[in-house]
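Each chain, letter by letter, is given below.
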Amino acid sequence: MKGLIIVGILVLFITACSVNKGIVQVSKTNEGENVADTTEYELITFDGKFEAWYSMNDSPAMYRSKEYYESWNKRYVTAWNI
């Protein structure tokens, strides 16, 4: 019985690997290569120093209180210790 199963698997493996799959030929066209981007955008900046201030003063840690982080720390420590 084992020999029959092994022969069956071997036949399936050989037929799966020997199937000739057609290769698709893709032809290259030059239709979209010469198209130029003519769209223009205007950038309006209201306060140029805001970006510098925001990058220096913004922090994800400032979004929550100290008690919030302590309570999550207790939960994680308890789960880790279990």
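> Help me understand the overall build of the chain in this model?
A count of helical and extended segments in the chain gives 3 helices and 0 strands. Residues counted as buried form 0% of the 82 residues belonging to the chain. In the form shown here, the chain has an accessible surface area of approximately 9000 Å², with 62% of it arising from carbon and sulfur atoms.

> Where do I start with the packing of aromatic side chains in this structure?
Following the criterion strictly, the structure yields 3 aromatic pairs and no others. Here the aromatic rings of Tyr-68 and Trp-72 are separated by 6.4 Å at their centres, their planes lie at 65 degrees, and the arrangement is edge-to-face. Residue Tyr-68 and its partner Trp-72 are located together in helix H3 (residues 66-81), separated by 4 residues, close to a single helical turn. Classification of Tyr-68 as partly exposed rests on a relative accessible area of 33%. Each member of the aromatic cluster is reached from another via a ring pair, and the members are Tyr-68, Tyr-69, Trp-72 and Tyr-76. Over the face of the ring belonging to Trp-72 we find Arg-75, whose NZ or CZ atom lies 4.5 Å from the ring centre.

> Looking at this structure, I do not really get the pattern of salt bridges. What am I missing?
Inspection of the entire model under this criterion finds 1 salt bridge. Between Glu-70 and Lys-66 there is a salt bridge, and its shortest N-O distance comes to 3.9 Å. Here the residue Glu-70 and the residue Lys-66 both occupy positions in helix H3, the gap between them amounting to 4 residues, near one helical turn. According to the relative accessible area criterion, Glu-70 is partly exposed, its value standing at 38%. The exposure class assigned to Lys-66 is exposed, which follows from its relative accessible area of 59%.

> Teacher, can you tell me more about a nonpolar patch on the surface here?
A surface patch of nonpolar side chains, amounting to about 600 Å² of accessible area, comprises Phe-50, Trp-53, Tyr-54, Met-62 and Tyr-63. Looking at the secondary structure, you find Tyr-54 in helix H2 (residues 48-57).

Rules behind the numbers
Residues numbered from 1 in each chain as written. Predicted model: local features only at pLDDT ≥ 70, side-chain atom pairs only at ≥ 80, totals over all residues. Heavy atoms only, no water. Helix = DSSP H or I, 4+ residues; strand = E, 2+ residues; numbered from the N terminus. Buried < 20%, exposed > 50% of the residue type's maximum accessible area, 1.4 Å probe, protein only. Areas by Shrake-Rupley, 256 points an atom, 1.4 Å probe, with all protein chains shown as cover. Phe/Tyr/Trp six-rings, centres within 6.5 Å; stacked < 30°, edge-to-face > 60°. Lys NZ or Arg CZ within 6 Å of the ring centre and 35° of its normal. Salt bridge = Lys/Arg side-chain N within 4 Å of Asp/Glu carboxyl O. Patch = residues over 30% accessible without salt bridge, like charges linked within 9 Å, V, L, I, M, F, W, Y side chains within 5 Å.

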